[in-house]
Amino acid sequence: MSTAQRADVEVATPASNALAGSVADPMLPVITRVARVRREGADIWTLEIKPAAGFDFLPGQFNMLYALGVGEAAISISGDPAERGRLIHTIRAVGRVSEALTRLKPGDPIGVRGPYGRGWPLDKAAGADVVIIAGGLGLAPLRPAIYRFFAERPRIGRFVLLVGMRQPEEILFQQELERWRRRLDIDLQVTVDHAGGDWRGSVGVVTTLIPRAAFDPAHTIAFICGPEVMMRFSIAGLAALGVPASAMYVSMERNMKCAIGLCGHCQFGTTFICRDGPVFAYDQLRPIFSLREI
Amino acid sequence: MIEGMDKVVREHRFFSGLGEDVIQLVAGCARNVRFDAGKYLYHEGDPADEFFLIRHGRVALEVASPGRAAVTFQTEPEGDVVGLSWLIPPYRWAYDARALDLVRAIGIDAKCLRGKCESDHDFGYAMMMRFVPVLVERLQAAQLQVLDVYGTTR
Amino acid sequence: MASDLVPRGARDQSMSSASGERAILSRDGLQALIETLARRGYRVVGPTLRDQAIVFDDIQGVGDLPAGWTDVQDGGAYRIQRRADDALFGYAVGPHSWKKFLHPSRLRLWRAERNGDDVVVHRDPEPTTPFAFIGARSCDLRAIGIQDRVFLGGPHVDPHYQARRQSAFIVATNCGEAGGTCFCVSMGTGPRAGSGFDIALTELLDERGHVFLADVGTERGGEVLTEIPHDAAGHDHVAAADNLIARTAANMGRLMRTDDIHSLLLGNLEHPRWDDVAGRCLTCGNCTMVCPTCFCTSVEDTSDLDGGAERSRRWDSCFTEDFSYLHGGSVRQSARSRYRQWMTHKLATWIDQFGSSGCVGCGRCITWCPVGIDITEEVRAIREQPAASEATT
């Protein structure tokens, strides 16, 4: 994260991050303000914060957001990297810290450390078909990549987005998906696990959409994000069509405390997810991906 | 056989790659059908006399329970088969099938097809090799659905 | 992947130290060394006897060292025992390691103050008193080097470790006794301290007297040496030291073959031996507390009544159920998975992450495991019991 801070941006800086003779402390949060909080679903919120001057991120990276006195949580950045004045996260309130973050109000102080992690390899998509498979909240860390692909559409071949959600009332970013579906430069399919009578869209797990999508498996790059089970089956679905393991990328999640590779919590096989991920090429993870409790 | 049915059967993706003699046998049990949007192809408990291969439109598979709106657990797109309970006794539909859009389909007489499978085992094998993979894929997808992966665990 | 599996220690077994200077210290000379370091502002810590164990704590002089004591160690067993002589360093390692000082078990990271609508975060100053370690064994020096790689060698540096580490003065001791659970020779980490010290001592206690052969490792060490009374070292001292160290090396309590360990462990992640050890492991985490390279921590965030807040850091262990907690459950729920995680990390995936093994063969995990689980035995069992071949597709 850039440490440059301009005076006109109201971001409270740590009193003395670099003490005489010592290095900066990467565990110090930068205190900024909540700009906007919006409920997206039953327990899903959009949290927009005021970024520090010069803050920039890559699609797929995350921040550690700190609720004063409560704790930190690793939250995916879900906004458009091109919108420099806005820093948007999507949070599911499932625990003490995430619930505290979603209860913040505009103007409240909030701590940020980041951005961390390796993001989606957008450069690998040049000239290839792009297949994005998003399950549930997994659409959030993929959204910045989707914005980038729209912005640089001519760089890639076909653009396929397959979205799986639990039920119609829980479709994340529904209005935005509707707008995207009307575009001519993307093949967007949304499916739900089950639905009531009003739903006129697809019903069935997201993997059922894969065989019908139009893309060239030999020249495709795939980004997959969602619950691990869903990612495993999506990988199997793509592999059955001939997409190579090296062309599939997933975003992994584990318990995180420091996000800087020093606390050991996010270890996954030979990697630390905060530092070597959260985005990985599937061929790198294949030896351990289906192992229980690894 | 209804005139032209062999052409319709031959051109449907579900039967692509099958030999001509197999196509002719299937076509002999087949007819064209059409359902307006919202109409039911069949209801739970009905005799599974005729199953369908969608040519145009989509079909929703539903389960109804008293006091609740019907829950759709699967939608079948163009090209897919609707109805598999004709394969095993007691040959009764296990749920409702409703046309989401205007649906045009090939309707296949299940008794006719079962009869031909029984008397010509090579034909029967060819048919099973078409339908069994559909069963396996649907089962795998259904298992995934049951896991409710997007739900929160508390 | 492992960049260099040749143990560094093997290359360091040459007789000469970095600076090449040698001297002989008497007991009084050692006392003078400790006093000189204290006078120079160091907080001197070293081995001392407390609660029936040899631990690391503040020491004022040689009188605080466990003179005439040794330790008897085996799987799940530790006791001290009287020696026939008055050796000051006649034991192996105890439950403490130097991470106690360099990577403290509890540390406040910062505190935040609320001033009306503003929040200001204040970092605590690092301690200004540098440490002087007395009696650091070769295995523990290598462990410090391994933690250096973790805390100083990555994209993010730990400033708390760095502040304590960069100023630490290290007086090493070459082991004259092999511990009951030691296997530094297998890991290529000892018993001779090759580098990473300011001064290294080899205790020579025989009918000729009680002296210490001092090897100077740094300019700073040489400078301190000039301030304390010492004599020239003769060839016989050097030969006696070499013999002593060779004898220690020949008496290791344990053995571990390491040339194949990465592929052995990562190719056997579903080996039945993991179930076997899971039946014994209590997931108490003792091994992680005593291991000199284990570094995992957790953070604690608290708030106070004035609207301020604090974050502190404490040691954590991958053996706790919460360690891998994620959305309503832990990824590693079984003891099996947690033991597997610890052992494969220590011996195999550590190499991928940090370029060397995480194990220095100090034997502490074997000694301090309440049920005596022996990491060298677990490796041997996996190697000797080929499981049905595992597909690594």
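Thresholds, definitions, all that
Residues numbered from 1 in each chain as written. Chains lettered and ligands numbered in written order. Predicted model: local features only at pLDDT ≥ 70, side-chain atom pairs only at ≥ 80, totals over all residues. Helix = DSSP H or I, 4+ residues; strand = E, 2+ residues; numbered from the N terminus. Rg over C-alpha atoms; globule rule 2.2 N^0.38 Å. Buried ≥ 20, exposed ≤ 12 C-beta atoms within 10 Å, placed from the backbone. Contact = placed C-beta atoms within 7 Å. Pairing = 2+ DSSP bridges. Axes fitted to C-alpha atoms, helices over the stretch in contact; angles between N-to-C directions. Domains from an automatic or database assignment. Nonpolar A, V, L, I, M, F, W, Y, C, P; charged D, E, K, R; others polar.

Visitor: An account of the overall build of chain C is needed here, citing residue identities and associated values.
Guide: Scanning chain C from N- to C-terminus turns up 14 helices and 15 strands. Here the C-alpha atoms of chain C give a radius of gyration of 22 Å, agreeing with the 21 Å that 2.2 N^0.38 yields for 393 residues. Within chain C, the fraction of its 393 residues that count as buried is 49%. Taking all contacts inside chain C whose residues are at least 6 apart in sequence as the whole, residues at least 24 apart take part in 74%.

Visitor: Give a description of the sheet that holds strand β7 (residues 129–135) of chain A that names residues and reports values.
Guide: Residues and elements named next belong to chain A. Spatial strand order, β10-β9-β8-β7-β11-β12-β15: seven strands in an open sheet with mixed pairing. Looking along the sheet, the strands with just one partner apiece sit at the ends: β10 (202–203) and β15 (279–281). Relative to strand β9 (residues 187–192), strand β8 (residues 159–165) runs parallel, the two being bridged by six bridges. Following the sheet pairing, Leu162 is matched in β9 by Gln189. Sitting on the sheet, helix α2 (residues 139–151) is in contact with β7, β8, β11 (220–225) and β12 (248–251), with an inclination near 155° to β7. The strands touched by helix α4 (residues 228–240) are β7, β8, β11 and β12; relative to β11, the strand with the most contacts, the crossing angle is about 160°.

Visitor: Could you give me a rundown of the domain arrangement of chain A, with the residues and numbers involved?
Guide: The figure often quoted for interface size is the accessible area lost as the parts come together. All names here are of chain A. Domain boundaries in chain A define domain 1 (30–116) and domain 2 (122–289). Taking the mean C-alpha position of each, domain 1 and domain 2 sit 22 Å from one another. Contact residues are listed per partner, giving 20 residues for domain 1 and 18 residues for domain 2. Only β3 (62–67), β4 (71–76), β5 (87–92) and β6 (109–116) provide two or more residues apiece to the side of domain 1 that touches domain 2.

Visitor: Help me get a handle on the interface of chain C and chain A, residues and values and all.
Guide: Listed per partner, the contact involves 47 residues of chain C and 38 residues of chain A. Of all the secondary structure elements, the ones that give two or more residues to the side of chain C that touches chain A are β6 (106–115), β7 (118–123), α5 (159–166), β12 (297–303), β14 (325–326) and α12 (335–354) of chain C. Looking at the side of chain C that touches chain A, its residues break down into 22 nonpolar, 18 polar and seven charged.

Visitor: Explain the environment of Thr270 of chain A to me, using residue names and the numbers behind them.
Guide: Along the chain, the position of Thr270 of chain A falls in the loop between β13 (267–268) and β14 (271–272). Taking the C-alpha atoms as reference points, Thr270 of chain A and Leu285 of chain A, separated by 15 residues in sequence, lie 9.2 Å from one another. If we skip the residues at most four places from it in the chain, Thr270 of chain A touches Thr349, Asp352 and Gln353 of chain C.

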